[in-house]
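Coordinate inspection notes
Here are the chains, one letter per residue:
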Amino acid sequence: IDALDFRSQRKGKKKIFEELLQKYHWRTDEVLVVGDNPLSELGAAKSLGIQTVQTLRPTVVTWDEADYHISSFQELELLLNHHHENDATQSRITP
């Protein structure tokens, strides 16, 4: 989710995630949130019990609480396949 909204109408990532879970009848274990910011989308996801994938770039500090870390979106497919095949709870994918 890339949420851009008017400052006066902002819901926050947690509220957006809650609404999506409810609207689509998703369980938290059926969803992964991909992002780089532990103070935004990653923190919101973790507070709801959703697994997180932190995208790492040179300017991003690794957040140890993320369930997974990737260095590129190309790695996301590998992660999803690995997660599906092994039902892993934590992994580190490296290029």
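Residues numbered from 1 in each chain as written. Predicted model: local features only at pLDDT ≥ 70, side-chain atom pairs only at ≥ 80, totals over all residues. Heavy atoms only, no water.

Secondary structure summary: the protein contains three helices and four strands in total. Expressed as a percentage of contacts within the protein between residues at least 6 apart in sequence, the contacts between residues at least 24 apart total 21%. For the protein, the accessible area works out to roughly 6800 Å², and carbon and sulfur atoms hold 50% of it. (Helix = DSSP H or I, 4+ residues; strand = E, 2+ residues; numbered from the N terminus. Contact = heavy atoms within 4.5 Å. Areas by Shrake-Rupley, 256 points an atom, 1.4 Å probe, with all protein chains shown as cover.)

Before going further, it helps to spend a moment on helix 1 (residues 13–24). Counted at 1.5 Å a residue, the expected span for helix 1 with its 12 residues is 16 Å, and the 16 Å between its end C-alpha atoms agrees. Tucked into the core, helix 1 has its buried residues touching strand 1 (32–35) and helix 2 (41–47). In the segment just after helix 1, His25 is the residue with positive phi, at about 55°. (Expected span 1.5 Å × (residues − 1).)

Attention shifts here to the packing of aromatic side chains. Enumeration over the complete set of coordinates arrives at one aromatic pair. Ring plane angle 25° and centroid distance 4.9 Å describe the contact between Tyr24 and Trp26, whose orientation is recorded as stacked. A relative accessible area of 41% places Tyr24 in the partly exposed class. Under the relative-accessibility criterion, Trp26 is labelled partly exposed at 41%. (Phe/Tyr/Trp six-rings, centres within 6.5 Å; stacked < 30°, edge-to-face > 60°. Buried < 20%, exposed > 50% of the residue type's maximum accessible area, 1.4 Å probe, protein only.)

Now for the pairing of strand 2 (residues 51–55). Counting buried residues along strand 2, four of its five residues qualify, which places the element largely inside the surrounding structure. Pairing of strand 1 with strand 2, which is carried by four bridges, proceeds in the parallel orientation. Looking at the pairing, Val33 lines up with Thr52 of strand 2. In the sheet, strand 2 pairs with strand 3 (residues 68–70) via three bridges, with the strands oriented parallel. Directly across from Val53, in strand 3, lies its bridge partner Tyr68. (Pairing = 2+ DSSP bridges.)

We now examine the confidence of the model for the protein. The predicted model of the protein has a mean per-residue pLDDT of 84, with 78% of residues at 70 or higher. The least confident element of the protein is strand 4 (residues 91–92), whose mean pLDDT is 46; the most confident is helix 2, at 96. Segment residues 88–95: pLDDT under 50, and 21 contacts once partners within four positions in sequence are set aside and those in other chains are kept. (pLDDT = per-residue confidence, 0-100.)

A few words on the pattern of salt bridges. All told, the structure shown has five salt bridges when counted by the stated rule. Salt-bridge contacts for Lys46 lead to Asp67; the nearest nitrogen and oxygen are separated by 3.1 Å. Of this pair, Lys46 sits in helix 2 while Asp67 is found in the loop between strand 2 and strand 3, placing the two residues 21 residues apart along the sequence. Looking at Lys46, the relative accessible area reads 30%, which means it is partly exposed. Residue class for Asp67 comes out buried when judged on its relative accessible area of 12%. Three or more residues joined by partner-sharing salt bridges are found here, namely Arg27, Asp29 and Glu30. (Salt bridge = Lys/Arg side-chain N within 4 Å of Asp/Glu carboxyl O.)

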